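# Structural characterization, general
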Amino acid sequence: MAIYELVMHSAEETMEFAVRLSEQLQPKDVIALEGDLGAGKTTFTKGLAKGLGITRAVSSPTFTIVKEYKGRLPLYHMDVYRLEDTFEDLGFDEYFEGDGVTVIEWAHLIKPQLPDELLYIHLYHHGDQERKMVLEPIGKRYEQLCKEIIEG
Ligand SMILES: Nc1ncnc2c1ncn2[C@@H]1O[C@H](COP(=O)(O)OP(=O)(O)OP(=O)(O)O)[C@@H](O)[C@H]1O
Ligand SMILES: [Mg+2]
């Protein structure tokens, strides 16, 4: 199973990469974003939204766990930070199996509820403006997706 490591030199580069990824996304795709505070998870999500033609400003959901945006495909943006580790079934499947694309910040906190196949994107601080990005596709669909974006 391939893992891809990239360096993003600026927030703009991270967003541009997310725009490129967004162009290949299909309904029911799930992207799990991992990384410390300020690693760039929301910045990445803003790029996805931009690429999906979403014009509303994206910010991390503060009082809700999920925010839904309308674009070429609907985008379901989850930030599960406040849930902490939960095994309780909160009905996320409705989003994963819906008509849109799901992106989850702090996805490991709901690990037992995640689908079997998804794309993990880990972001690591790497200096002020740089981030290391590690793409870890789980399943054929996501392996193919990574190949397309990275190898063209
Ligand atoms: N290469 C880079 N990629 C992404 N963001 C970067 C990069 N360089 C600097 N930044 C900045 O780092 C910050 C990342 O904040 P962001 O809200 O996206 O992080 P987050 O992972 O969502 O944090 P939180 O855990 O608080 O939700 C932004 O201010 C962004 O401009
Ligand atoms: Mg965030």
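The name an unreviewed UniProt entry gives the protein chain is tRNA threonylcarbamoyladenosine biosynthesis protein TsaE, with Anoxybacteroides rupiense as the organism. According to its UniProt record, the protein chain has this under Sequence similarities (unreviewed entry): "Belongs to the TsaE family." Taken from UniProt, the Subcellular location (unreviewed entry) comment for the protein chain reads in full: "Cytoplasm".

### A look at the coordination of the magnesium ion (ligand 2)
At the metal site, the magnesium ion (ligand 2) is ligated by Thr-42 (OG1) and Glu-105 (OE), and these contacts range over 2.1 to 2.2 Å. With Thr-42 in helix H2 (residues 41-51) and Glu-105 in strand S5 (residues 101-105), this residue pair connects regions lying 63 residues apart in the sequence. Looking at Thr-42, the relative accessible area reads 19%, which means it is buried. Assessed through its relative accessible area of 2%, Glu-105 is described here as buried.

Calculation notes
For every chain, the first residue of the written sequence is number 1, and numbering continues from 1 along that sequence. Lettering of chains starts at A and numbering of ligands starts at 1, both following the order in which they are written. This being a predicted model, a pLDDT of at least 70 is required before a residue's local features are given, and a value of 80 or more before pairs of side-chain atoms are given or counted; all residues contribute to the totals for chains, interfaces and linings. Hydrogens are left out, water is left out, and the side-chain values use all remaining heavy atoms of the structure. UniProt positions are given in the numbering used here, feature names are shortened, and annotations may be inferred rather than shown by experiment. Only nitrogen, oxygen and sulfur atoms count as donors, using a 2.8 Å cut-off from the metal that widens to 3.2 Å for Na, K and Ca. Water is left out, so coordination shells may look unfilled. The helix count covers DSSP runs of H or I at least four residues long, the strand count covers runs of E at least two residues long, and both are numbered beginning at the N terminus. We call a residue buried when its accessible area falls under 20% of the maximum for its residue type, exposed when it is over 50%, and partly exposed in between, using a 1.4 Å probe and counting protein chains only.

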